[in-house]
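Listed here are the chains, written in short residue letters.
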Amino acid sequence: MATYVENHNGCTGDVVPPISLFNPYRLNTNNWVQTMIDLEAKYAVLVAKHTCGFLMAPTNVTFPLSPSGRIVPYNYTVDYSPVKGVNILDEFIKSCNKRQIRPGFYYSIVSNNYLNVKQGLVQNDTLKVGQLNITQQTYDNIVVQQLRELWKNYGKLEEIWFDGGYTAELHDLIAAMVSELQPDSIIFGGYGVTRNPIRWIGNELGHAPDPNWSTGLVNGGDPNSPIFSPAECDTTLQQFDRWFWGPHVLLRSLKELIDVYHRSVGHNCMLMLDLTPDRTGLIPPAYALRYKELGDFIRSCYGTSIVPILRNSSADGRIHIQLFDSPVTIDRSVIQEDQTLGQVIRAYTIDVKLADSFDKNQWIYMAAGTSIGNKKIDLWEAGSQLITAVRLNITEAVDTPMLKSFTVHLCP
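Not measured: the values here are computed from a predicted model.

What counts, and at which threshold
Residues numbered from 1 in each chain as written. Predicted model: local features only at pLDDT ≥ 70, side-chain atom pairs only at ≥ 80, totals over all residues. Heavy atoms only, no water. Pairing = 2+ DSSP bridges. Helix = DSSP H or I, 4+ residues; strand = E, 2+ residues; numbered from the N terminus. Axes fitted to C-alpha atoms, helices over the stretch in contact; angles between N-to-C directions. Domains from an automatic or database assignment. Contact = heavy atoms within 4.5 Å. Buried area = accessible area lost by both parts, 1.4 Å probe. Salt bridge = Lys/Arg side-chain N within 4 Å of Asp/Glu carboxyl O. Polar contact = N/O pair within 3.5 Å; in protein donor to acceptor, adjacent residues only side chain to side chain. Core = buried A, V, L, I, M, F, W, Y, C linked by side-chain atoms within 4.5 Å. Buried < 20%, exposed > 50% of the residue type's maximum accessible area, 1.4 Å probe, protein only. pLDDT = per-residue confidence, 0-100.

(A) Looking closely at the sheet that holds strand β14 (residues 319-330). With respect to topology, five strands assemble into an open sheet ordered β13-β14-β19-β16-β17, the strand pairing being antiparallel. The open sheet terminates on both sides in strands that have one partner only, identified here as β13 (310-313) and β17 (364-369). Shown here is a sheet whose adjacent strand axes are inclined to one another by a mean of 20°, direction ignored.

Below is the structure:
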């Protein structure tokens, strides 16, 4: 699971003075990272530049205005705000590294309202207050220079987020820079410019379909596609698809967030949950509490599994049996496929031996599915069961199936 950290700078698509960015005396990326740890997040993506064009770090980029040719600095950044002298990206990276959270950056290429850019193209219309007039070539040069700064100055990035992708004209330049500067980063919307692409799930609810395959570029994936591009489910803590912090915004309930977890992580999708500081530069206490509540649920439910006395697997990797030394109560199972050589499992079933069954050797059906991938969580429709054994049957695979793990749980 990951978090998506948004800067609150009035970045709503309008060019505005970033006077409300943060209280410079309370900015504390350690506060953000502690919330991530409470949530059980493993990596975090910080919005370096959203669609309005405001950049969360100093930049050396300069460019010519059109038609005068006068050279000006890219001055819609933190260095022209109340937090001048503070490199928020650097603070974020250091805080993440200190607590073993793997960092990444979001950068919008196709939108920049400061420079009057929509869908990657400089618009030929009347400028609004605060907008600057430039040529398309100038904008493309700005993008390349800023991406080089972001990818070169902050070490290895776990994930790079392209919201809306990139233009065809920039494809080759971006692909070359990825190969040079961040060859191991996974890239959201990065098919064609990296060997590590991931795809959007198709909604911002945190819901992946079942099945959800690790291959293919369509929603839900395609088991027959040769393109390995797992899905990421991005969604919000706040209700009504509200991403940026705002006063008096309602939070989604813990019950709903648990459902999101099962329908994303449990459906072979990486959950990217937004994390939005308020105008103090800190995570609001009510928000921090809700993140921790979700993290507490994940730890209590899936932090440990019910350990069998004996595990037995068939030589062909298709049958996996766990025996317990005394009856145990179980209500769900978790399967993880080893996808080092690709996703190969196509179908499976899970059955159990019931402790109170007349026939102690009879296997009783509990669950079935198709795609497993990184993780498949099955909540047993029959509810909690008192069992003595559980069996995973790989009923269809295109190659020898390999598992990372198969565990069973009883959740509160």
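(B) A look at the domain arrangement of the protein. Assigned domains within the protein: domain 1 (19-303) and domain 2 (310-409). Each of domain 1 and domain 2 has a C-alpha centre, and these two points are 37 Å apart. Between domain 1 and domain 2, the residue contacts involve 17 residues of the former and 16 residues of the latter. Each partner contributes to the roughly 1,300 Å² buried at the junction of domain 1 and domain 2, and carbon and sulfur atoms together form 55% of this total. For the domain 1 face of the interface with domain 2, the top three residues by lost area are W213, N268 and Y302, together amounting to 36%. Applying the counting rule to domain 1 against domain 2 returns one salt bridge. As a salt-bridge pair, K376 and D210 come within 3.3 Å of each other at their nearest N and O atoms. Summed over the shared surface of domain 1 and domain 2, the result is 11 residue pairs in polar contact (both at pLDDT 80 or more). At the level of elements, α5 (254-264) and α6 (285-302) are the ones that each hand at least two residues to the side of domain 1 that touches domain 2. No other element matches α6, which puts three residues into the side of domain 1 that touches domain 2.

(C) Inspection of unusual backbone geometry at higher detail. Here the bond from S66 into P67 is cis, since omega is 5°, no more than 30 degrees from zero. Examined against the element boundaries, P67 turns out to sit in the loop between β3 (62-64) and β4 (71-73). With omega at 15°, the peptide bond leading from D210 into P211 counts as cis. With respect to the secondary-structure elements, P211 resides in the loop between β10 (197-200) and β11 (231-235). Even without a glycine there, the phi angle at H248 is positive, about 65°. Topologically, H248 is positioned in the loop between β11 and α5. Positive phi is not limited to glycine here, since N268 has a value of about 65°.

(D) Spotlight on the nonpolar core. The biggest cluster of nonpolar side chains holds 77 residues, and the ones touching the most others in it are F105, W151 and I174. Within the second largest apolar cluster, 21 residues are counted, among which are F324, L354, A367 and A397.

(E) Looking closely at the side chain of Q238. Residue position: Q238 is located in the loop between β11 and α5. Since its relative accessible area comes to 1%, Q238 is described here as buried. Here W243 takes part through its backbone oxygen, which lies 3.5 Å from a polar atom of the side chain of Q238. A distance of 3.1 Å separates the side chain of Q238 from the backbone oxygen of F244, its partner in a polar contact. What Q238 contacts, discounting residues up to four positions off in sequence, is W243, F244, W245, G246, V249, L250, L251, R252, D274, T276 and Y287.

(F) Region of interest: the confidence of the model for the protein. Looking at the protein, the pLDDT average stands at 91 and 94% of residues meet or exceed 70. Note that pLDDT drops below 50 for residues 12-26; the model gives that stretch 52 contacts with residues more than four away or on any other chain.

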